[in-house]
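For reference, the chains in residue letters:
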Amino acid sequence: MQNKDKMMMSIVQEDGSIDEVEVVIAFEFKDTKREYVVYTKNERDENGNITVYVSRVDRSGGTPQLYGVDDEQEWSRVKDVLREISKKD
């Protein structure tokens, strides 16, 4: 596999701390106009798998805000995208 340039982003936590994370992919559902970002802090779980996080992006304010995906139907659609992405690797 070729080395790709990593896309990084900074996430400001509620306590003011900043996490530098690597963006895995960002995508939008055309029908709902909702944007999502999948990112990692390159942490590994007990099985050695890299942990990834998914957030919905809200650009309605001056600075993009990240929110969890708490709607079951919305989460199901996001998981479908993640499954398709994993098949390509």
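Report follows, based on the coordinates. Note that this is a predicted model, so its numbers are computed, not measured.

## Topic: the side chain of Glu-74
Okay, so step 1: The topology assignment puts Glu-74 in helix H1 (residues 72-88).
Okay, so step 2: A distance of 2.4 Å separates the side chain of Glu-74 from the side chain of Tyr-36, its partner in a polar contact.
Okay, so step 3: Every residue in contact with Glu-74, bar those within four places of it in the chain, is listed here: Arg-34, Tyr-36, Arg-56 and Val-69.

## Thoughts on the sheet that holds strand E5 (residues 65-67)
Okay, so step 1: The strand order E1-E2-E3-E4-E5 describes an open sheet built from five strands, whose pairing is antiparallel. Across the chains shown, the open sheet's two edge strands, defined by having one partner strand only, are strand E1 (7-12) and E5. Taken over all neighbouring pairs, the strand axes of this sheet differ in orientation by 50° on average, direction set aside.
Okay, so step 2: Direction of pairing for strand E4 (residues 50-58) relative to E5: antiparallel, over a ladder of three bridges. What sits directly across from Asp-58, in E5, is Gln-65.

Rules and cut-offs
Residues numbered from 1 in each chain as written. Predicted model: local features only at pLDDT ≥ 70, side-chain atom pairs only at ≥ 80, totals over all residues. Heavy atoms only, no water. Helix = DSSP H or I, 4+ residues; strand = E, 2+ residues; numbered from the N terminus. Polar contact = N/O pair within 3.5 Å; in protein donor to acceptor, adjacent residues only side chain to side chain. Contact = heavy atoms within 4.5 Å. Pairing = 2+ DSSP bridges. Axes fitted to C-alpha atoms, helices over the stretch in contact; angles between N-to-C directions.

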